[in-house]
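What follows is the residue order along each chain.
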Amino acid sequence: MADTNRVALSYAKETTYGTAPTGTYQRMRLTGESLEPQNGALMSDELRSDRQVADIVRSSLAAGGGINGEVSYGTWDEMLRAAVMAAAWSSEVTVIAASTAITFSSGGATATLGLGSWTNTPTVGELILVEGGAAAGVYVVTSASSTVIGLSPAPAADTGSTVTIKQLASIANGTTLDTFTFEREYTDLASGGAEVVEYFPGSALAGFTLSADRERMLQIALEVMSKRALSDIDLLGSSYTAVNTNGVLNTVEHLAVTRLAGVARPLTALSMRLANNLRGRTEIGTLGYGSIGTGTVEVTGNLGFYFNDAAVWSAIENFTEVDYLLGVNDAGAANMASGNTLLVYMPAIKLSKGRRVAGGKNQDVIGEVEFMAKRSAAYGYTFKIARAAR
């Protein structure tokens, strides 16, 4: 009998849709999965005088399911890239290193270089990390010239501190559909050189959910749409890259920043889902999908927090467009100057509905809001993920 603790899940990116690659596969860290065949069958409508079914035929062939895990730095980078349909992660860029000539203005929401120009002028809409000084932290670039950067939110005022500014590596929602083959190996059933393997070629990331609750791990759930499922007695990969050993991120020590409309707002719960609205294209004479079509990227979610002011409800009532930033850091560094950092940013969300009820005595009033994200007219994207290794 097979044990769940002995199952190994791996993946490789496909060159041709539905054709399982050979070569190197990447092992996955996971807490569970539900990949399965999703086949259909029909009974014949023929009439028989003995009342029996004349035949049963296969009507459809597909596969898919979910892959669940706990978030750790670097573990889900390739899956997240594919899920947001980005072509590639951008590289981290040094805007300026160890400079004492920068003035941060709180009133003007700017960083101004008093001598020379930036080594690399940052891109509007990207996330930058300021290291050192009173203004240390993560900001969105709202404008940029060779000497002045517009920042959101406004930084703490500072002049003369030794500061390094980095534009972080990132991905944003795009239009590149990549497919993978997932391989599930039942390692405890291998015998005499024969393996027990099931694999899922033509797999695309239909979406994913990130969720966080108090005193829990940060969770991720991938949604997979596959061409079909196949069994084999041989492994697909000639070699397998081991998983990393980075620590799991929790909501107690590692939540570095959570900002709604540029204002820090501690959360009691968070859930956000990105859906690509994929569709499998069926063809006469083809087993499984012939290809996969893409749809509108939709990002929705929920936020929970201790109710202590009316600002959020003003945004709901006025249907005001706001932004949201979530940042986790595996060293627990609030300004993210050390450790590894993962950031999620939505520049344009609408708070569609909310509640702030008194559920009973001896309780806190918890604010709960639902949101939907849209394309930012200023930045041109809906959803961005950035990373920084320190």
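A few points on the structure. (Residues numbered from 1 in each chain as written. Predicted model: local features only at pLDDT ≥ 70, side-chain atom pairs only at ≥ 80, totals over all residues. Heavy atoms only, no water.)

1. Notes on the nonpolar core
For step 1, the next point in the chain: Within the largest apolar cluster, 55 residues are counted, with the highest numbers of intra-cluster contacts made by Phe182, Phe208, Met272, Tyr324 and Phe383.
For step 2, the next point in the chain: Not counting chain neighbours up to four residues away, the residues in contact with Phe383 comprise Val84, Ile171, Ala172, Asn173, Phe208, Met272, Leu274, Val299, Val344, Tyr345 and Met346. (Core = buried A, V, L, I, M, F, W, Y, C linked by side-chain atoms within 4.5 Å. Buried < 20%, exposed > 50% of the residue type's maximum accessible area, 1.4 Å probe, protein only. Contact = heavy atoms within 4.5 Å.)

2. A word on the side chain of Glu183
For step 1, the next point in the chain: Looking at the element boundaries, Glu183 is found in strand S17 (residues 180-186).
For step 2, the next point in the chain: There is no salt bridge for the buried Glu183, and the closest opposite charge comes from Arg27, which lies 4.6 Å off by N-O distance.
For step 3, the next point in the chain: Among the polar contacts made by the side chain of Glu183, one reaches the main-chain amide nitrogen of Leu236 at a distance of 2.7 Å.
For step 4, the next point in the chain: Polar side-chain contacts of Glu183 include one of 2.8 Å to the side chain of Tyr240.
For step 5, the next point in the chain: When residues no more than four places from it in sequence are discounted, the contact partners of Glu183 are Ala8, Leu9, Ser10, Tyr25, Val197, Glu198, Tyr199, Leu235, Leu236, Gly237 and Tyr240. (Helix = DSSP H or I, 4+ residues; strand = E, 2+ residues; numbered from the N terminus. Lys, Arg positive; Asp, Glu negative; His and termini not counted. Salt bridge = Lys/Arg side-chain N within 4 Å of Asp/Glu carboxyl O. Polar contact = N/O pair within 3.5 Å; in protein donor to acceptor, adjacent residues only side chain to side chain.)

3. Considerations on the sheet that holds strand S11 (residues 127-131)
Backbone-to-backbone hydrogen bonds pair the strands of a sheet. The strands run either parallel or antiparallel.
For step 1, the next point in the chain: Read across the open sheet, the 8 strands follow the order S8-S15-S11-S12-S13-S10-S9-S14; overall the sheet is antiparallel. Where the open sheet ends on each side, the last strands, each with one partner, are strand S8 (93-99) and strand S14 (158-159).
For step 2, the next point in the chain: Examined bridge by bridge, S11 and strand S12 (residues 137-144) share 4 bridges and lie antiparallel to one another. By the bridge assignment for S12, Leu129 is matched with Val138. (Pairing = 2+ DSSP bridges.)

4. Observations regarding the packing of aromatic side chains
For step 1, the next point in the chain: Applying the stated rule across the entire model yields 8 aromatic pairs.
For step 2, the next point in the chain: Consider the rings of Tyr11 and Phe180, whose centres lie 5.8 Å apart with planes at 85°: the pair is edge-to-face. Highlighted residues: Tyr11 in strand S1 (residues 7-13) and Phe180 in strand S17, separated in sequence by 169 residues.
For step 3, the next point in the chain: With relative accessibility at 11%, the residue Tyr11 sits in the buried group.
For step 4, the next point in the chain: Judged by relative accessible area, which is 0%, Phe180 ranks as buried.
For step 5, the next point in the chain: Judged by centre distance (6.2 Å) and plane angle (55°), the ring pair of Tyr11 and Phe182 falls under tilted. Highlighted residues: Tyr11 in strand S1 and Phe182 in strand S17, separated in sequence by 171 residues.
For step 6, the next point in the chain: Owing to a relative accessible area of 0%, Phe182 belongs among the buried residues under this scheme.
For step 7, the next point in the chain: Taken together through their ring pairs, the aromatic side chains of Tyr11, Phe180 and Phe182 make up a single cluster.
For step 8, the next point in the chain: Between Arg27 and the ring centre of Tyr240, over which it is positioned, the NZ or CZ distance is 4.2 Å. (Phe/Tyr/Trp six-rings, centres within 6.5 Å; stacked < 30°, edge-to-face > 60°. Lys NZ or Arg CZ within 6 Å of the ring centre and 35° of its normal.)

5. Thoughts on the pairing of strand S16 (residues 169-172)
For step 1, the next point in the chain: The two faces of S16 match: Ala169 and Ile171 on one face and Ser170 and Ala172 on the other face are all buried.
For step 2, the next point in the chain: By the bridge criterion, 4 bridges tie S16 to strand S31 (residues 384-388) in an arrangement that is antiparallel. Bridging across to S31, Ala169 finds its partner in Arg387.

6. Looking at the pattern of salt bridges
For step 1, the next point in the chain: Under the counting rule described, the total for this entry stands at 17 salt bridges.
For step 2, the next point in the chain: Between Arg81 and Glu78 there is a salt bridge whose closest N-O contact spans 3.0 Å. Residue Arg81 and its partner Glu78 are located together in helix H1 (residues 77-83), separated by 3 residues, close to a single helical turn.
For step 3, the next point in the chain: Among the ionic pairs, Arg81 bridges to Asp178, the shortest N-O distance being 2.9 Å. Of the two residues, Arg81 sits in helix H1 while Asp178 sits in the loop between S16 and S17, which places them 97 residues apart along the sequence. Each member of the pair, Arg81 as well as Asp178, carries the same accessibility label: buried.
For step 4, the next point in the chain: Sharing partners across several salt bridges, the network here consists of Lys13, Glu78, Arg81 and Asp178.

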